[in-house]
Amino acid sequence: MKGVTVVIERKIVQADFVETESQKEEFEMALSRLGSQRGAQMPLLQETQRIYGYLPKELLEQMAKALDVPLEELYSTATFYSQFSFVAKGEYTISICMGTACYVKGAGDILDDLSTLLAIKSGETTEDKKFTLESCRCIGACGLAPVLKVNEEVYGRLNKKKSEKVLATYQKEASGV
């Protein structure tokens, strides 16, 4: 395994790239299916993000070789779109919408509350790799403000108590109870 050094909010975090056999197989299938196609860069980045939850440097290097493009080109594309991450995320990604409607209706307080409950800051992942907390721009559900997403599930018309209930549901699920 190769180590990757990532700088997060001025903290240096050493992360080893680890993959399961099924992830490796699925990635290799995607690479062989898409690698030779014209315009495959975005679909391959998206597929890799879906399989691993982020874009490991080791796989970006393999993709660059298969696509016959410079590694910098893949980084350029991946850094342009907010859907891509270079840091592994937790099993559950909690995204608090900070668009104008959500923010004025208390999204900042909800983010602070969940940050305290999970003992992590926005952009961080819990030590057990179960939860990642992040703020995001408009989710597009302004009529339901304030809104948060857990993975792809949207929850609206929240306050601190309702958001804590959402978190408790996923904490229970994560613990297998």
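Scroll up for the structure.
Residues numbered from 1 in each chain as written. Predicted model: local features only at pLDDT ≥ 70, side-chain atom pairs only at ≥ 80, totals over all residues. Heavy atoms only, no water.

Student: Describe in detail the overall build of the protein, supporting the description with residues and values.
Tutor: Each helix and strand counted, the protein has seven helices and seven strands in total. In sequence order, the secondary structure elements of the protein are arranged as β-β-α-α-α-α-β-α-α-β-β-β-β-α. Counting all 177 residues of the protein, 39% fall into the buried class. The distance from the centre of the 22 positive side-chain charges to the centre of the 25 negative ones in the protein is 6 Å. (Helix = DSSP H or I, 4+ residues; strand = E, 2+ residues; numbered from the N terminus. Buried < 20%, exposed > 50% of the residue type's maximum accessible area, 1.4 Å probe, protein only. Lys, Arg positive; Asp, Glu negative; His and termini not counted. Charge placed at Lys NZ, Arg CZ, Asp CG, Glu CD.)

Student: Which residues make up the environment of Ala 88, and what are the values?
Tutor: Among the structural elements, Ala 88 can be located in the loop between helix H4 (71-80) and strand E3 (92-97). Its relative accessible area of 37% is what places Ala 88 among the partly exposed residues.

Student: Please give an account of the pairing of strand E5 (residues 131-136) that cites residues and values.
Tutor: Two strands pair when backbone bridges link them, and E3 and E5 are joined in this way by six bridges, in the parallel orientation. If you follow Tyr 92 over to E5, its bridge partner there is Phe 131. With two bridges connecting them, strand E4 (residues 124-125) and E5 associate as antiparallel partners. Each residue of the ladder has a partner; that of Glu 124, found in E5, is Leu 133. Between E4 and E5, which pair antiparallel and follow one another directly, the connecting turn spans five residues, one of which, Lys 129, has a positive phi of 65°. (Pairing = 2+ DSSP bridges.)

Student: Requested: an account of helix H7 (residues 160-175), with residues and values cited.
Tutor: Compared with an ideal rise of 1.5 Å per residue, which puts 16 residues at 22 Å, H7 spans 22 Å between its outermost C-alpha atoms and is within 8% of the ideal. Taken residue by residue, H7 has Ser 163, Val 166, Leu 167, Tyr 170 and Ala 174 as its buried positions. Projected down its long axis, H7 shows its buried positions confined to an angular sector of 95°, all on one face. Exposed positions of H7 whose direction lies more than 90 degrees from the buried face are Lys 161, Lys 165 and Lys 172. Buried residues in H7 make contact with E3, helix H6 (107-118), E5, strand E6 (148-150) and strand E7 (153-155). For H7, the N-terminal cap is Asn 159; the gap from its side-chain oxygen to the backbone nitrogen of Lys 161 is 3.0 Å. After H7 finishes, the residue Gly 176 shows a positive phi value of roughly 80°. (Expected span 1.5 Å × (residues − 1). Arc of directions from axis to C-beta. Contact = heavy atoms within 4.5 Å. Polar contact = N/O pair within 3.5 Å; in protein donor to acceptor, adjacent residues only side chain to side chain.)

Student: Please set out the side chain of Ser 115 residue by residue, giving values where relevant.
Tutor: In this structure, Ser 115 sits in helix H6. In this structure Ser 115 comes out as buried when scored by relative accessible area, which is 18%. What Ser 115 contacts, discounting residues up to four positions off in sequence, is Ile 120, Lys 121 and Leu 133.

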